[in-house]
Amino acid sequence: MNRTSIIGVGLIILGGVLLLNTLGVAYFSWKRIFWLFGLIAGGGFVVQGFARGHRGKIFWGSLLFFVSLYYNLWHWWIIDRDYLLWLPSMSIAFGLSYLVLFAYEPKNVTELIPASIFIGMGMIGILWWWEYLEWFEVEDALRTYWPLVLVAIGLALMFRRR
């Protein structure tokens, strides 16, 4: 079996980036290099997890990938550089990591529950920050629909593997 070392690929890319920085072709700070390396390593862990069937590598690798993607977009000024968007963005990253676990094993529908909760919380935070939602609307919806959390937990307990 031909195996590629994630660390080896990461070091090659890191060396290339540092060479471009040294030659003055492009400027990279250490934060940008660190998050670029995290993006590559996270993607590599996900690929290895899918190839070898390791759920832990899939979840944590995808979390590292999505968090690194957020910080790369943030450092390159592609998304808004507001520190208050950090928590909703991390919530969405956790939700997307659970969705990747569901993509690995579609029979395990219980992964959709934390995915939808984390992504929903993140989207509510971002929509509130962009002023598309008012807090009293969110509070009213939570007061009305909070029993759905109990239903979701009950469904997760019924469908989980024994």
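Our subject in this report is the structure included herewith. Computed from a predicted model, the values in this text were never measured in an experiment. Each residue is numbered by its place in its chain's sequence as written, counting from 1. Predicted model: local features are reported for residues with pLDDT of at least 70 only, side-chain atom pairs are reported and counted for 80 or more only, and whole-chain, interface and lining totals are derived from all residues. Working from all heavy atoms in the structure, the side-chain values ignore hydrogens and water.

Observations regarding the overall build of the protein
And step 1. In this text, helices come from DSSP runs of H or I with a minimum length of four residues, and strands from runs of E with a minimum of two, each type numbered from the N-terminal end. Helix and strand content of the protein: 7 helices and 0 strands.
And step 2. Shown N-terminal to C-terminal, the secondary structure of the protein runs as helices and strands in the order α-α-α-α-α-α-α.
And step 3. The atom set for the radius of gyration is the C-alpha atoms, and the globule formula is 2.2 Å times the number of residues raised to the power 0.38. Computed over its C-alpha atoms, the radius of gyration of the protein comes to 19 Å, more than 25% above the 15 Å expected for a compact globule of 162 residues.
And step 4. For the protein, the spread of C-alpha atoms along the three principal axes comes to 60 × 45 × 15 Å.
And step 5. Evaluated residue by residue, the protein yields a buried proportion of 32% over its 162 residues.
And step 6. Only heavy atoms matter for contacts: two residues are in contact if any of them lie within 4.5 Å across the pair. Restricting to contacts in the protein with at least 6 residues of sequence separation, those with at least 24 account for 57%. Remark: exposure states derive from per-residue accessible area (1.4 Å probe, protein chains only) relative to the maximum for the residue type, with buried under 20%, exposed over 50%, and partly exposed in between.

Describing the environment of K57
And step 1. Within the secondary structure, K57 is located in helix α3 (residues 55–75).
And step 2. In this structure, the C-alpha to C-alpha distance between K57 and I12, residues 45 residues apart in sequence, is 22 Å.

Section: the packing of helix α2 (residues 30–52) against helix α4 (residues 86–104)
The geometry of a pair of packed helices is captured by two quantities: the angle between their axes and the separation between those axes.
And step 1. Every angle, taken between N-to-C directions, lies between 0 and 180 degrees, and every axis is a line fitted to C-alpha atoms, over only the stretch in contact when it is a helix. Running from N to C, α2 and α4 cross one another at 25°; their axes reach a closest spacing of 11 Å. The angle between α2 and α4 places the two elements in the roughly parallel class. Here the hand of the crossing between α2 and α4 comes out right-handed. Across the interface between the two elements, V46, G49 and F50 from α2 touch V100, A103 and Y104 from α4.
And step 2. In this classification, Asp, Glu, Lys and Arg are treated as charged, Ala, Val, Leu, Ile, Met, Phe, Trp, Tyr, Cys and Pro as nonpolar, and every other residue, Gly included, as polar. Residues of the contact of α2 with α4, tallied by class, amount to 5 nonpolar, 1 polar and no charged. By definition in this entry, angles of less than 35 degrees are roughly parallel, angles greater than 145 are roughly antiparallel, angles of 65 to 115 are roughly perpendicular, and the rest are oblique. The sense of a crossing depends on the near helix, which, turned anticlockwise from the far helix by less than a right angle, makes the crossing left-handed and, turned clockwise, makes it right-handed.

Bear in mind that shape data such as this cannot, by itself, settle questions of function.
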